[in-house]
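Chain by chain, the residues run as shown.
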Amino acid sequence: MAEELLTIAQASALTGLPESTLRYWERIGLVRSVERDPFSGHRRYSDDDLRTLETLGNLRAVGMPVADMRRYLADRDRGDEAAANQKALFRAHARRLDEEVKALDARRRYLRLKVRYWSAREIGDFAEADRIAEQIRPLIDRVNPKETP
């Protein structure tokens, strides 16, 4: 029995990826060009295409850049032979995310202190506002580092 091929709308619905993303990934060569129906001209996605798109969707969901997605796809069929490469890829991505989390945490602390600062000023507690401002000063340099001339 022949495999049922899916339209781009069906593939999009099944993978949770926008049709524009599927088209873009094909255009940049991240995924192979999908066969088109000779009568309608519509893309027709196979089960293998869907598996690849689901994998890429998962990588996209964790913020994996396209270059790293390419590296992952290049090695995925090698299985355990590529384990060291895949481990390094995911480790590097996890480290990048760790740095992003640190930066977000500093921004969040800054914003919470600013809320406390303005709350103190709103009620006229200027001594408390000054105390909070002292905590803000070192944080702003981490949130928005500037070069020294």
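All values reported here derive from a predicted model rather than from experimental measurement.

A. Quick look at the nonpolar core. Counting residues in hydrophobic clusters, the biggest one holds 19 residues, and the most contacted among them are Leu 22, Trp 25, Tyr 45, Leu 53, Leu 56 and Met 69. Going through the elements one at a time, α1 (8-15), α2 (19-27), α3 (47-61) and α4 (66-76) are the ones with two or more residues in this core. Examining the composition of this core, we find that four residues originate from one element, α3, more than from any other. Residues Tyr 117, Ile 132, Ala 133 and Ile 136 belong to the second largest nonpolar core, which totals 10 residues.

B. Representation of the pattern of salt bridges within the structure. As enumerated under the stated definition, the model contains 14 salt bridges in all. The salt bridge involving Glu 26 is made with Arg 43; its shortest N-O contact spans 2.9 Å. Highlighted residues: Glu 26 in helix α2 and Arg 43 in the loop between α2 and α3, separated in sequence by 17 residues. Just as Glu 26 is buried, Arg 43 falls in that class too. A salt bridge links Glu 134 to Arg 137; the nearest nitrogen and oxygen atoms lie 2.4 Å apart. Here Glu 134 pairs with Arg 137, and both are found in helix α6 (residues 126-143), just three residues apart, close to one helical turn.

C. Helix α5 (residues 83-122), seen in detail. Here α5 contains 40 residues, and its C-alpha end-to-end distance of 57 Å stays within 8% of the 58 Å for a straight helix at 1.5 Å per residue. Here α5 has its buried residues at Gln 86, Leu 89, His 93, Ala 106, Tyr 110, Leu 113, Tyr 117 and Ala 120. Positive backbone phi, at 85 degrees, marks Gly 124, one or two positions downstream of α5.

D. Fine view of the environment of Val 115. Structurally, Val 115 is set in helix α5. Looking at Val 115, the relative accessible area reads 55%, which means it is exposed. Residues Val 115 and Ile 8, spaced 107 residues apart in sequence, show a C-alpha to C-alpha distance of 47 Å.

E. Region of the structure containing the packing of aromatic side chains. Across all of its chains, the model carries two aromatic pairs by this definition. An angle of 85 degrees between the planes, with centres 4.9 Å apart, marks the rings of Tyr 117 and Trp 118 as edge-to-face. Seen from the ring of Tyr 117, Lys 114 lies directly overhead, with NZ or CZ sitting 5.3 Å from the centre.

The rules we used
- Residues numbered from 1 in each chain as written.
- Predicted model: local features only at pLDDT ≥ 70, side-chain atom pairs only at ≥ 80, totals over all residues.
- Heavy atoms only, no water.
- Core = buried A, V, L, I, M, F, W, Y, C linked by side-chain atoms within 4.5 Å.
- Buried < 20%, exposed > 50% of the residue type's maximum accessible area, 1.4 Å probe, protein only.
- Helix = DSSP H or I, 4+ residues; strand = E, 2+ residues; numbered from the N terminus.
- Salt bridge = Lys/Arg side-chain N within 4 Å of Asp/Glu carboxyl O.
- Expected span 1.5 Å × (residues − 1).
- Phe/Tyr/Trp six-rings, centres within 6.5 Å; stacked < 30°, edge-to-face > 60°.
- Lys NZ or Arg CZ within 6 Å of the ring centre and 35° of its normal.

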